[in-house]
Amino acid sequence: MTNHLLLWVVLLAATVGALTRKWWAPHASRWAEARQIPWRWWLLEYPVLTVRMRVTWRQVCLLNGLSISRRSTARVVDGVMVRGVALRQSPPRLGLPHLTRTGVVVRIRIHPGQTPGPFLAAAQALEHAWRVHGVRVTSPRRGEVLITITAHNTLDDTARDVAAPTAGPVLVARVGRVDDGGPWVLNLRRIPHWLVVGATQSGKSTLLAAFIRAIAPQPVALVGIDCKGGMELGLFGRRLSALATSRPEALRVLTGLVTEVQQRMTLCWSAGVRSIWELPEDRRPVPVVLIVDELAELYLMDGTREGRDQSEQCSTLLLRLAQLGAALGVHLVVAGQRVGSDMGPRVTALRAQLGGRIVHRVHDEASAEMALGDLSPDAVAVAQMITEEEQGVAVATIGGRWVRARSVLVTTEEARQVAEEYAALTPDLPALAAVTFEKEGGAA
Ligand SMILES: Nc1ncnc2c1ncn2[C@@H]1O[C@H](COP(=O)(O)OP(=O)(O)OP(=O)(O)O)[C@@H](O)[C@H]1O
């Protein structure tokens, strides 16, 4: 009898559990995340911040034009419409701040007629009023503004993220950490091509190294173009299927890759599919990632006719790869100090094809505007605030929003180790057979 009762209780509990799973699953994951929150933060700093937010909210809204008057502020005086400032203004309702590992997230329901624009502009005022490291304003849902607060600078040290790379999902690479403490992941399956911009010594090559380090254990062909003599990508020589260290070599690599793309197109066409990912695994060609360190070297005009021809050919081939490559498993990660129309023909067309954007410290607004202006205009100002001390820190676009992130610092020794350890995984690309001799040199 007791056994039967026990069985019924267990069955009832399992049924109730299954039926209410939709309710408890998000809470469970929130609690799992909450366990990683340092006690000092949730016990001492969070309550203080919450009170400070409540106390200052009305005034911050008033000073930054975030409050509205519920009654009309226009009057007709002697037949003339006069508009004034209402004494009584109400700020939008501040939601309950939710704890995260590095700060809080708070939702705000904006008044009818308001847009997220003024909230974006007020981000810096909020940082000062609440005495926090960073405030990020986004609007994931209509009628709502989400304020993500980072209490302290979490990007001052990413060295402890240097764990041994593991073979995760293909074309998904963890390159560092974002400012809410989570991993910074470049997903080339979702965004096939990436543009990395930054002034000299801002951390572009380090980011490329972090990317290669993360993707090296995966079944992927890596091809490098490093016209600065192969100083950066040469360290990974043995893991690269080809490495071009000058513009004539780059031209051959690009021509080879376009041939590869054409062969893949024929393969897909004959199999009746639209992308290599629809092919059966045993017939699917290996994905290729072309990494270009310093785009400007490809476009450099040296005044000679030959130089101009090479530059034009490089730009045409790169653009072709960007246009056709995504479905055919050929991806681009292109780094440069700036990417503007003044560099040469088809540069802006290439930029439009590179959907993923990463901007390190830049010297001028124009450079940030070129890389982020068309996708995330509000991130342009944030990119310009990156200081010289913050090497490796960047603003990156991720899934329609932007984040501040920092790449893992990969040392020269580590780069060599990675190349050595995963050299056996380097696939041979027949279309690039003629340019593989450089990789021997790079590895030496
Ligand atoms: N994530 C990082 N964390 C700490 N330091 C970094 C990071 N990234 C880069 N640095 C430092 O910045 C220096 C310059 O980085 P890097 O060579 O990547 O810059 P770059 O933008 O490629 O410069 P250039 O255009 O002149 O080649 C590195 O030597 C390193 O000391």
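Residues take numbers from 1 onward in each chain, read along the sequence in its written order. Given that the model is predicted, a residue must reach a pLDDT of at least 70 before its local features are reported, and side-chain atom pairs must reach 80 or more before they are shown or counted; all residues, however, enter totals for whole chains, interfaces and linings. To obtain the side-chain values, all non-hydrogen atoms of the structure were included, while hydrogens and water were left out.

Focus: the domain arrangement of the protein chain
Phase 1: Under the domain assignment, the protein chain is made up of domain 1 (31-69 + 83-150) and domain 2 (159-443).
Phase 2: Its C-alpha centre places domain 1 at a distance of 37 Å from the equivalent point of domain 2.
Phase 3: With seven residues of domain 1 in contact, the opposing surface of domain 2 contributes ten residues.
Phase 4: Once two parts are joined, some of their accessible surface, as seen by a 1.4 Å probe, is lost; buried area is that loss totalled over both. The junction of domain 1 with domain 2 conceals about 730 Å² of combined surface from both sides, 49% of it contributed by carbon and sulfur atoms.
Phase 5: Sorting the residues of domain 1 by area buried against domain 2 places Arg 101, Thr 102 and Arg 136 first, and these three jointly supply 56% of that buried surface.
Phase 6: Whenever a nitrogen or oxygen atom comes within 3.5 Å of another N or O atom, the pair is scored as a polar contact, on the condition that within protein one atom can donate a hydrogen and the other can accept it, and that pairs from neighbouring residues in sequence are kept only if both atoms are in side chains. Counting across the interface, domain 1 meets domain 2 through one residue pair in polar contact (both at pLDDT 80 or more). Each domain's limits were defined by an automated method or a database of domain assignments. Only heavy atoms enter the contact rule, under which two residues are in contact if any of them lie within 4.5 Å.

Side note on the site of the ligand
Phase 1: Around the ligand, 15 residues are found, and the nearest of them are Thr 200, Gln 201, Ser 205, Thr 206 and Ser 407.
Phase 2: One nitrogen or oxygen atom from the side chain of Lys 204 is found 2.8 Å from an oxygen atom belonging to the ligand.
Phase 3: Runs of H or I in DSSP of at least four residues are treated as helices and runs of E of at least two as strands, each being numbered from the N terminus. When contributions to the shell around the ligand are tallied by element, the ones reaching two or more residues are helix H6 (204-215) and strand E17 (401-407).
Phase 4: Take the shell around the ligand: its biggest share by element is three residues, from H6. Note on terminology: near, applied to a residue and a molecule or strand, indicates that one of the residue's heavy atoms is within 4 Å of it.

Structural notes on the sheet that holds strand E11 (residues 221-226)
Phase 1: Reading across from one edge, E9-E8-E17-E16-E15-E10-E14-E13-E11-E12 is the order of the ten strands in this open sheet, with mixed pairing throughout. Pairing within the sheet leaves two strands with one partner each, and these edge strands are strand E9 (183-187) and strand E12 (240-244). Within this sheet the neighbouring strands show an average axis-to-axis angle of 25 degrees, counted without direction.
Phase 2: Between any two strands, pairing holds if DSSP finds at least two bridges. Judged from the four bridges that link them, strand E10 (residues 194-197) and strand E14 (residues 330-336) form a sheet pairing that is parallel. From the neighbouring strand, Leu 195 faces E14, where its bridge partner is Val 334. Here, axes are lines fitted to C-alpha atoms. For helices the fit covers the stretch in contact, and angles between N-to-C directions go from 0 to 180 degrees.

Here's the deal with the UniProt feature "binding site: ATP" (unreviewed entry) in the protein chain
Phase 1: UniProt positions are given in the numbering used here, feature names are shortened, and annotations may be inferred rather than shown by experiment. Per the UniProt annotation, the sites labelled "binding site: ATP" (unreviewed entry) are Gly 198, Ala 199, Thr 200, Gln 201, Ser 202, Gly 203, Lys 204 and Ser 205.
Phase 2: Looking at the secondary structure, you find Gln 201 in the loop between E10 and H6.
Phase 3: Aside from chain neighbours lying at most four places away, what touches Gln 201 is Arg 361 and Gln 391.
Phase 4: By the element assignment, Ser 202 lies in the loop between E10 and H6.
Phase 5: Judged by its relative accessible area of 1%, Ser 202 is buried.
Phase 6: Residues contacting Ser 202, with those up to four places away along its chain left out, are His 360, Arg 361, Gln 391 and Gly 392. Buried, partly exposed and exposed residues are distinguished by accessible area as a fraction of the type maximum, computed with a 1.4 Å probe on protein chains only: under 20%, between the cut-offs, and over 50%, respectively.

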